[in-house]
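# Geometric and topological summary
The chain contents come next:
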Amino acid sequence: GKIFPLPIFLSVEKNIALNLKLNQTYNLSYRNQNIGKLKVEDTYRVNKIKACKKIFKTSSLKHPGVRKFMDTKEFFIGGTIKHLNNSIEKEKYKYLKPSSVKKIIKKNKWKSVAGFQTRNIPHRAHEQLLRTSLECSEGLFIQPLLGNKKKNDFTNEAVFKTYKFLIKNYFPKNKILLGPLYASMWYAGPREAVFHAIIRKNYGCNNFIVGRDHAGVGSFYKKYDAQNIFKLFKKNLNINILKFAGPFFCKKCDSVVTENSCKHFKKNKKLIIEISGSEVRRKLLKNMKISHKIIRPEIVSILQKIQNIFINK
């Protein structure tokens, strides 16, 4: 009966599903290491097209989340899971348990903490969101997603190195916590925004930043869909959503602003420089020069020293 917007599932081939015995316990392994046990309570199939329309609002194979879901096996397994071992603790970027983060929050005496989800390198619009959130929160938990992402998304190294630089050089050290989120991206827009909010609540955040196109991809979701969905769950989620308008650079204002703080964007579009992760990716992929008004030159310099800044498969 609780809100849970994205399915967590285990798909298997038909021959495996048909040979599983109900109420029997099986090992779960990852990279040849036992990480848990699953007591099988049911095996089932779903109408994948129907499910995609509910989860992603589309069944188009141009959507990376739809494509990944349609590639799953024919059968799914449900049951009770017992956790044994967390292999991601041995990953390159130190995994922070929710309990560990809560201890840090308590030690720092932060009464309010904002969670920030990202899969991109930091650009000027991100900086504006982070600084604004610190005006209404005592602490900020920046948690880049380092799980499975789509082709041409930034690599984990590119994201983590640039955020480390930004925090070290431009933010107060005693107010920022940086840690990875090892989870897959589904690009499910509004539903994934709710999913990410629940995760941050479990980490001890009481505020969560949601921008104009949280977890979106292409033109599959409308502007601010990811914010509007929270109107349905205002009383149930127990986390405050910081709904920020999409920042852009206004040549007239000579600063990064939003449509709530600038009067020029409606009058003359030529005064506006859009800032988005997609636009930054596009320019970097084509080796185009990027204005310092969009991204810090130091960030670009760091990226130029990394062998692979984009996922290529």
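Attention here is on the structure that accompanies the text. (Residues numbered from 1 in each chain as written. Predicted model: local features only at pLDDT ≥ 70, side-chain atom pairs only at ≥ 80, totals over all residues. Heavy atoms only, no water.)

### Brief notes about the packing of helix α6 (residues 156–170) against helix α10 (residues 297–304)
Two elements in contact, α6 and α10, have axes whose closest approach is 10 Å; the angle formed by their N-to-C orientations is 145°. Here α6 runs over α10; the crossing is right-handed. Across from Ala158, Lys161, Thr162, Phe165 and Tyr170 in α6, the residues of α10 making contact are Glu298, Ile299, Ile302 and Leu303. (Axes fitted to C-alpha atoms, helices over the stretch in contact; angles between N-to-C directions. Helix = DSSP H or I, 4+ residues; strand = E, 2+ residues; numbered from the N terminus. Left-handed = near helix turned anticlockwise from the far one by under 90°. Contact = heavy atoms within 4.5 Å.)

### Observations regarding the pattern of salt bridges
All told, the structure shown has twelve salt bridges when counted by the stated rule. Glu13 is paired through a salt bridge with Lys73; the nearest N and O atoms lie 3.8 Å apart. In this pair, Glu13 is assigned in the loop between β1 (10–12) and α1 (14–19) and Lys73 in the loop between α3 (64–70) and β4 (75–83), connecting sequence segments 60 residues apart. Of the residues examined, Glu13 reaches a relative accessible area of 35% and is grouped as partly exposed. With a relative accessible area of 37%, Lys73 lands in the partly exposed category. Arg131 is the partner of Glu127 in a salt bridge, and the nearest nitrogen-oxygen pair spans 3.4 Å. Of this pair, Glu127 and Arg131 both sit in helix α5 (residues 124–134), four residues apart, which is roughly one turn of the helix. Classification of Glu127 as buried rests on a relative accessible area of 5%. Among the residues examined, Arg131 registers a relative accessible area of 33% and is labelled partly exposed. (Salt bridge = Lys/Arg side-chain N within 4 Å of Asp/Glu carboxyl O. Buried < 20%, exposed > 50% of the residue type's maximum accessible area, 1.4 Å probe, protein only.)

### Some thoughts on the packing of aromatic side chains
The tally for this structure, following the rule as stated, stands at twelve aromatic pairs. Seen from the ring of Phe171, Arg131 lies directly overhead, with NZ or CZ sitting 4.4 Å from the centre. (Phe/Tyr/Trp six-rings, centres within 6.5 Å; stacked < 30°, edge-to-face > 60°. Lys NZ or Arg CZ within 6 Å of the ring centre and 35° of its normal.)

### Details of the sheet that holds strand β12 (residues 272–274)
Picture the strands of a sheet paired through backbone hydrogen bonds; they go either parallel or antiparallel. The strand order across the open sheet formed by three strands is β11-β10-β12, and the pairing between neighbours is antiparallel. With partners counted over all chains shown, the strands left at the sheet margins are β11 (255–257) and β12, one partner each. Geometrically, the sheet is characterised by an average inter-axis angle of 35° between neighbouring strands, direction not taken into account. Strand direction decides the pairing type here: strand β10 (residues 248–250) and β11, joined by three bridges, are antiparallel. Among the inter-strand pairings, Phe248 is bridged to a residue of β11, identified as Val257. (Pairing = 2+ DSSP bridges.)

### Brief notes about the nonpolar core
Membership of the largest hydrophobic core comes to 42 residues, with the highest contact counts inside it found for Phe56, Phe69, Val101, Phe141, Phe230, Ile239 and Ile241. Taken together, the elements giving at least two residues each to this core come down to α2 (48–56), α3, α4 (98–107), α7 (190–202) and β8 (207–210). Sort the elements by how many residues they give to this core and α7 lands first, with six residues. Not counting chain neighbours up to four residues away, the residues in contact with Val101 comprise Leu96, Phe141, Leu177 and Tyr203. One finds Leu242, Ile294, Val300 and Phe310 within the second-largest nonpolar core, a separate group that totals 35 residues. (Core = buried A, V, L, I, M, F, W, Y, C linked by side-chain atoms within 4.5 Å.)

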